[in-house]
Amino acid sequence: MVLWRALFLIGALFAAPVAAQEERALGNASDPSGCMNCHDQPAVTSVLHTAHMVKADARTGVADQGCQSCHGDSRDHVARLRGEQVRPPPSVVFSGPHASPVEKRNETCAGCHQGGTAMHWQGSLHQSSDIACTNCHKSHIVQDPVLVKTTQAPICFSCHADKRAAALKPSHHPVLEGRMSCSDCHNPHGSLTQTMLRGTTVNDTCLTCHDEKRGPFLWEHPPVQEQCTICHTPHGTVQASLLKQRTPFLCQNCHDSSTHNSQPFSGASLPGGTSPSKQMVLRACLNCHSAVHGSNHPSGVRLSR
Amino acid sequence: MAFPVPPRWLILLGLVLPAIPARAQDGSFELGATPVVTMPPPLYTSYFETGIGYQDINSFHIGRYGGPIERGPLAIFRGTFDGRDAWDSGGARTWNAAVDVFGFDTISARVRYGTQGRWRAGAFYDGFTRAYTNFARTPFNGSGDSVLTLPSNWVSSNTSAGFSALAQNLHPLDLKVDWRTVGGDIVVNPREGYEIRMSASHRDREGLRGQNLAFGHEMNTAVGVFFAQPVDYQTDQASASLAFTGDRLQWSASYHLSIFTNDITSVRVPNPYNRALGGLWPGGALSAFPNAFGDYGLPPSSIAHQALLSGAYIVSPKLRVTARVSYMVQKQDEDFLPYTAMTQLSVPEPLPRTSLDGKVYKAHVVLGVTARPSPIVDVSAGYTFDDRDNRSPIDLYSYVANEAQDQARPLVPGASRYIRYNLPHSFAFQQAKADVGVRVAARTRLTLSYTGDFRARKYQQVSDTSEHTFRAKLLTTFTAGSAWVAYAYASRSGSVYDDALPWDLSHTESYLNASPFNQSIEHPLLRKFNMADRKRNEAKGGVTFELTPALMLDATGVYAEDDYKNSPLGLQRSETVQLDGNLSYALAKKLTATAFYSFERIKFDLTGYLMGTVNLSNPAQNWSAANRDIIHTAGAKVDWDAIEQILKVGVGYYVSDGGSRISAIGSNFATIMNTAPLPDVRDVTHNVNLTGDYKVRADTTLRIGYTFQHHTTNDWQYGYSAAPVPQLLGSGITSPRYSAHLVWLSARYDF
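Keep in mind the model is a prediction, meaning the values are calculated, not measured.

*Asks:* It is not clear to me how the overall build of chain A should be interpreted in this structure. Could you clarify?
*Replies:* Within chain A, the secondary structure is distributed over 13 helices and zero strands. Beginning at the N terminus, the succession of helices and strands in chain A can be written as α-α-α-α-α-α-α-α-α-α-α-α-α. Out of the 305 residues in chain A, the part that is buried amounts to 51%.

Spelled out as structure tokens, the structure:
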């Protein structure tokens, strides 16, 4: 009888820590301060000042699950270590050497962030290129840099290096200057328009700011109405006004008039040359055909007024 | 059977068990064993910074996108006031205010307040100056008004070289436009999953832009002038939307309104030339200086309405469908200007209508489906329909080409080329695409895609084009990084190229019958490249590689080629080569460094034909030219925690070196182009940035910064007098060259 009692007591002594540990691992799920016993760096604790950690907003999940609302159950991570056991990472890790697979990370974010600007994430260019949400976003920081106009572009340029080079060309949209951001034209979360543009078409995107070219005009220049990128490269060009090619050569790709503009231009056409031409200096063809985007003047059939 | 543990043992157990966690705490760590008593250290979420800077030169170029453009001091004021209810307080209020002032030409401010998950409201102001050039010159008085005048001592001439009073009457123009936008939005979440959003904004654009107006015909007659166009545009936009996000269904319905208003309809520019019209036009003798002028029509006011419905539905965990439907109406109905404002020129033909009554209807539908039939395969397919239906009325217009161009008036229908129909262009676009992605290995994915683009155009040389594009992409990730390669091939063809169609449709039948030679304004073998047959090849690749835990390499390369070999004349070929490399180094956050280099070469090959004679197939009149742009971009940045938590130093440098060369290739005119080659265009900018942050206290930082920029542009289109060629009164604009220094000092307080 005494032996039975002793065995029972011994078993209870060993079982108690496990039971207590189970209770400790899950009992504080709604309180991030438990995690912050270890994770007390400002880079982590700053999450308490972000939109992701608002108990009063039931959408965030923090009221019930605390940090586990994003990082998963993480049972093994919070369990007591035995002997020389290395502490396993949480169930979902968003960065660093133990980062979870992209799909798992994105699935966590998509658990809440569906609809709105992320409505067309599935099948988008970024999603199909295995881009993780955390490649661009920092959820522990009060001010996520990618959401700020002046700090967004460098994040995009970390992958789109060609666009950084374009933004440094003589003619460019004022992205690096902080006057606009990549997301003013593009929806990085996915869009049903080519190259993830925000507008329904290329032109609708451009006309958001450049609406003086919307018209309709009495006399139209067809490539303008078809697509702005027939003549322009929006990210940056060596030529002025984001043009792909310099005038008059850009115009000569499509116009070889029987009245003029069909000759090959050279240095002889410059001031001081043997045949100086108004079709070379300053705005070249636009010295006369200045209403190149369309004219509403009854006499503007040649886009000259 | 008696219970093996007597009650007093249970009592003992009850006394012992609670002590065991405490005992286990001793000597080994238990997560969550003891509640945290102290909260994490305070976090600064807000700051304000104030200071002063100084720039040592006037330059529209250095500040062309909202930076400082004038020499002198500039104010610096920045701040963010950001806060929310404590996370566990039971409240969800958030507030944010931000302001950024860097010189008073560039100001932005924003405020936002709300309760997270319930509602929020915000307002913003954003202002900056788009500066074009301060090197422009003009003899015209009244720049910025709708009527310009010439000085009282103006001396006219048949050519710009004869404007003997030009130099003394030139005065500088600041060509710049101020952009000022103010707006706000309200977002309400009335119930779970629903969101109502309303926004509105008003934008003013005010200033001067360079513009040109032609008075006469070419062939060595007086032609055109440069003048300053007033910009006084307003854009009002408003949007309202209702959206729902559920577990399986998401949708959004919205309405967008955009109103463009231009308070100035035209600019009246006096004709400085003294060439009068001949006898063909009654009143022609009065078509020259000092009686003559022309009206330049400015962009008309317009309005656009758009209704948009977008949605996605998760049919099953492996199947998702998406759709978007949009209908847009664009209208423009501004009163027409007269054919010519010069009443002394007899223009008996009346306008066919007082305004265009322009209407464009745009219908847009996108349907898509994505599926994952197996864990390693995903497929998607989509269809897009986009239709621009221009229903603006078509009428016959008896236009005036230019006020100093001989035209027999009154116009004789059937004999005069100056009677034209307007052509309201319409387009229809359809696209079908399909993608298949396969995980060929655990971390490797192969994607195969097909896209079919089908375009229909009204009133253009090619009524239908179709382009088929095939793409393949292989992406793999490995322990130290990732790599990808992609290739695309596209082939475009179209219906018969009817070069005469726009000409024929815009002229009367009687005229076409009377002038059979003028069936096309362009050479019949010219092919406009956006409609021409084309073969496209594109190869791309990239690698991201962790050389060491602290050193990361990114590199990408692109080769793209468009071949228009079915085009006898016009764009023949374009080619792009781009290489980008980026190196990033981080040493325990005390030292981070990045360096990048980019090379790009863009080439366009063009073939033309010297017109002017009836012969359209004389090989001696063929010519070709190659346009080549080469751009080198490089930069480096180092940020160093010189004294941890106290002193940070940053150094950055970049260079952008872009050039453009145009040369003859194997043409009959190569001799001319080679003996008188065009100079290269070159645009080089070197920029150095130095910054230092010294933390006086945990919440106070002194900041200092210095920027040096050296810029040169060599461009053969600029740098001449205001009378560069006989037929043009120009702007005198020269290319910018400068070295600029900008220093600033500020203090920042965090709270």
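*Asks:* Explain the overall build of chain B here, please?
*Replies:* Check the secondary structure of chain B and you find six helices and 31 strands. Expressed as lengths along the three principal axes of its C-alpha atoms, the size of chain B is roughly 130 × 60 × 55 Å. The proportion of buried residues among the 751 residues of chain B is 46%. By sequence separation, contacts in chain B at least 24 residues apart represent 64% of the contacts at least 6 residues apart.

*Asks:* I keep staring at helix α9 (residues 149–157) of chain A and nothing clicks. Help me out?
*Replies:* Structurally, the α-helix is built with 3.6 residues per turn, so residues lying three or four positions apart point the same way. Residues and elements named next belong to chain A. When we look at burial in α9, the residues that qualify are Q152, A153 and F157. Buried residues in α9, looked at end-on, bunch into an arc of 130°, giving them a common side. Elements that come into contact with the buried residues of α9 comprise α10 (161–167).

*Asks:* I'm lost on the side chain of T106 of chain B in this one. Help?
*Replies:* Tracing the chain through its elements places T106 of chain B in the loop between β3 (93–102) and β4 (107–115). Residues in contact with T106 of chain B, not counting those within four places in the same chain, are R179 of chain A together with G66, G67, D100, V101, G127 and F128 of chain B.

*Asks:* Teacher, can you tell me more about a nonpolar patch on the surface here?
*Replies:* All names here are of chain B. A contiguous nonpolar patch, built from Y113, W119, I186, V188, I196, M198 and L242 and spanning about 550 Å² of accessible area, is present on the exposed surface. Elements supplying a minimum of two residues to the nonpolar patch: β6 (171–188) and β7 (194–214). Residue placement: M198 occurs in strand β7. With a relative accessible area of 43%, M198 lands in the partly exposed category.

*Asks:* Please explain unusual backbone geometry as it appears in this structure.
*Replies:* Generally, phi is negative for residues other than glycine and the peptide bonds are trans, each holding for most cases. Residues and elements named next belong to chain A. Across the junction of G215 and P216, the peptide omega takes the value 5°, indicating a cis bond. Here T247 and P248 are connected by a cis peptide whose omega angle stands at 0°. With respect to the secondary-structure elements, P248 resides in the loop between α12 (222–226) and α13 (249–252). Although it is not a glycine, S74 sits at a positive phi angle of roughly 55°.

*Asks:* Mind showing me how you'd approach helix α6 (residues 102–110) of chain A here?
*Replies:* All names here are of chain A. Residues of α6 that are buried: R105, N106 and C109. Down the axis of α6, the sector holding all buried residues measures 95°, keeping them to one side. For α6, the elements touching its buried residues are α8 (133–136).

*Asks:* Help me understand the pattern of salt bridges in this model?
*Replies:* When the charged atoms of two side chains lie near each other, side chains of opposite charge can form a pair. Residue and element names in this part refer to chain B. Taken as a whole, this structure holds 41 salt bridges over all chains when the rule is applied. Across the salt bridge formed by D639 and K637, the nearest N and O atoms sit 2.8 Å from each other. Several salt bridges share partner residues, and in doing so they unite E49, R78, D100, D693 and R703 into one network.

*Asks:* Whenever I open this one, the interface of chain B and chain A confuses me. Can you help?
*Replies:* Interface size, as often reported, equals the accessible area lost upon joining of the parts. With 185 residues of chain B in contact, the opposing surface of chain A contributes 134 residues. Summing the contributions of chain B and of chain A, the shared interface buries around 13700 Å²; its carbon and sulfur component is 57%. Remark: the boundary between chain B and chain A carries 11 salt bridges. D211 of chain A is paired through a salt bridge with R205 of chain B; the nearest N and O atoms lie 2.7 Å apart. Taken together, the connections running from chain B to chain A amount to 56 residue pairs in polar contact (both at pLDDT 80 or more). Residues of the side of chain B that touches chain A, tallied by class, amount to 88 nonpolar, 60 polar and 37 charged.

*Asks:* Would you take a moment to explain the packing of aromatic side chains for this structure?
*Replies:* Geometry of an aromatic ring pair is reported as the spacing of the ring centres plus the angle between the planes. Residues and elements named next belong to chain B. In the structure shown here, the tally under the stated rule is 18 aromatic pairs over all chains. Look at F128 and W179: their rings are 5.8 Å apart centre to centre, the planes differ by 25°, and that puts the pair in the stacked class. On the criterion of sequence distance, the pair formed by F128 in strand β5 (residues 119–138) and W179 in strand β6 is long-range, its members being 51 residues apart. As far as the burial class goes, F128 and W179 line up, both buried. With a centroid separation of 5.7 Å and an interplanar angle of 65°, the aromatic rings of F227 and Y296 are classed as edge-to-face.

*Asks:* Could you clarify how one ought to interpret the environment of G114 of chain B in this entry?
*Replies:* All names here are of chain B. The residue G114 is located in strand β4 in this model. When its relative accessible area of 0% is taken as the criterion, G114 is described as buried. Separated by 21 residues in sequence, G114 and R93 have C-alpha atoms that sit 5.7 Å apart. Discounting chain neighbours no more than four positions away, the residues touching G114 are A92, R93, T94, W119 and R120.

*Asks:* Just to check I follow, could you spell out the environment of K433 of chain B for this structure?
*Replies:* Residue and element names in this part refer to chain B. Locating K433 in the fold gives a position in strand β18 (residues 427–441). Given the relative accessible area of 39%, K433 is considered partly exposed. Sequence separation between K433 and Y383 is 50 residues, and the spatial gap between their C-alpha atoms is 6.5 Å.

Criteria and thresholds
Residues numbered from 1 in each chain as written. Chains lettered and ligands numbered in written order. Predicted model: local features only at pLDDT ≥ 70, side-chain atom pairs only at ≥ 80, totals over all residues. Heavy atoms only, no water. Helix = DSSP H or I, 4+ residues; strand = E, 2+ residues; numbered from the N terminus. Buried < 20%, exposed > 50% of the residue type's maximum accessible area, 1.4 Å probe, protein only. Contact = heavy atoms within 4.5 Å. Arc of directions from axis to C-beta. Patch = residues over 30% accessible without salt bridge, like charges linked within 9 Å, V, L, I, M, F, W, Y side chains within 5 Å. Areas by Shrake-Rupley, 256 points an atom, 1.4 Å probe, with all protein chains shown as cover. Salt bridge = Lys/Arg side-chain N within 4 Å of Asp/Glu carboxyl O. Buried area = accessible area lost by both parts, 1.4 Å probe. Polar contact = N/O pair within 3.5 Å; in protein donor to acceptor, adjacent residues only side chain to side chain. Nonpolar A, V, L, I, M, F, W, Y, C, P; charged D, E, K, R; others polar. Phe/Tyr/Trp six-rings, centres within 6.5 Å; stacked < 30°, edge-to-face > 60°.

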